[in-house]
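# Per-entry structural report
Given next are the chains, with one letter for each unit.
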Amino acid sequence: MRRPRVLDLFSCSGGAGKGFEDAGFAVDGCDIADRPRYPFPYHRGDALAYLAHLIASGEIGRYALVHASPPCQAGCALTVGTNRSRGWGGAHVQLIPELRALLDRTGLPYVIEQPNGQAPVRRDLALCGEMFGLGVLRHRNFELGGWTAVQPPHPKHRGRVRGYRHGRYYDGPYVAAYGSGGGKATVAEMQAAMGIGWTDVREELTEAIPPAYTAWIGQAFLAGRVVEGVPA
């Protein structure tokens, strides 16, 4: 049978896309930056403009599902907490309202991913690396548009994230897959912890979703289609 197709917006290095492929999807990406290591066909350009084009042209009908991971800096915990309180960093544009309006226009089921923080997304799902036996915690929230999935149990963490916090070093079973310095993970450690082997670009790894997350989401979506009597 032909694989259902997912549109992977703000695709970065392809962590989300790889998970959907593992779940049984064909994947097309879109990212504003050049991503030569992205493992699937992709369009380089503004994701919102490209989505609007697909809607206007009717080409959006090729897809069964749309996944979007818009830039998170405007609502992530670090920006709204430490950075803002200390006057660090610049202004960040919040793209989610415009993105959601376009996604609603597609008439397709969709997923919007964001980290913990104050991003304006519903927390229909919250996933953690410990749910999948990974070497990162990497909590992520997902808004599900036009479909639902059951929240899996959140197991107790086995310890701390390894690295320095306020000048004190902590050991633990998870690596810090963000930033650099302060005991943050090496590139090789991030690759192993998240199950991503096709890119060794630090910036791409620090922004990536572990493929296990979207593999679980994709499988839940396809299982729901079968339950509802729609062939996957």
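A brief report on the enclosed structure follows. (Residues numbered from 1 in each chain as written. Predicted model: local features only at pLDDT ≥ 70, side-chain atom pairs only at ≥ 80, totals over all residues. Heavy atoms only, no water.)

## As for the overall build of the protein chain
Secondary structure summary: the protein chain contains 7 helices and 9 strands in total. Across the 232 residues in the protein chain, those meeting the buried criterion constitute 49%. Here the analysis covers contacts within the protein chain between residues at least 6 apart in sequence; of these, 55% occur between residues at least 24 apart. Carbon and sulfur atoms provide 53% of the accessible area of the protein chain, an area that totals close to 11,100 Å². (Helix = DSSP H or I, 4+ residues; strand = E, 2+ residues; numbered from the N terminus. Buried < 20%, exposed > 50% of the residue type's maximum accessible area, 1.4 Å probe, protein only. Contact = heavy atoms within 4.5 Å. Areas by Shrake-Rupley, 256 points an atom, 1.4 Å probe, with all protein chains shown as cover.)

## Considering the pattern of salt bridges
For the coordinates displayed, the defined rule picks out 14 salt bridges. For Lys18, the salt bridge identified is with Asp22, shortest N-O distance 2.6 Å. Within this pair, Lys18 and its partner Asp22 are both found in helix 1 (residues 15–23), separated by 4 residues, close to a single helical turn. For Lys18, a relative accessible area of 24% puts it in the partly exposed group. When its relative accessible area of 45% is taken as the criterion, Asp22 is described as partly exposed. Between Glu204 and Arg35 there is a salt bridge, and its shortest N-O distance comes to 3.2 Å. (Salt bridge = Lys/Arg side-chain N within 4 Å of Asp/Glu carboxyl O.)

## Observations concerning the nonpolar core
Membership of the largest hydrophobic core comes to 38 residues, with the highest contact counts inside it found for Phe25, Leu65, Phe142, Trp147 and Ile217. Those elements giving two or more residues to this core turn out to be helix 1, strand 6 (125–127), strand 7 (140–145), helix 5 (187–194) and helix 7 (211–227). Per-element accounting of this core gives the leading share, 4 residues, to helix 7. Once you skip the residues sitting within four places of it in the chain, Ile217 turns out to touch Phe20, Val111, Leu125, Leu127, Phe142 and Trp147. Formed by 24 residues, the second largest nonpolar core is a distinct cluster that contains Cys30, Leu48, Leu95 and Ile112. (Core = buried A, V, L, I, M, F, W, Y, C linked by side-chain atoms within 4.5 Å.)

## Quick word on the pairing of strand 2 (residues 26–31)
Most of strand 2 is tucked away, with 6 of its 6 residues classed as buried. Summarising the sheet, strand 1 (residues 5–9) and strand 2 pair through 5 bridges and their orientation is parallel. Looking at strand 2, one finds that Arg5 is bridged to Ala26. Taking the sense of rotation as the criterion, the β-α-β connection linking strand 1, helix 1 and strand 2 turns out right-handed. Where strand 2 meets strand 3 (residues 42–44), 3 bridges bridge the pair, whose relative direction is parallel. The residue of strand 3 that forms the bridge with Gly29 is Tyr42. (Pairing = 2+ DSSP bridges. Right-handed = clockwise from strand over helix to strand, strands pointing away.)

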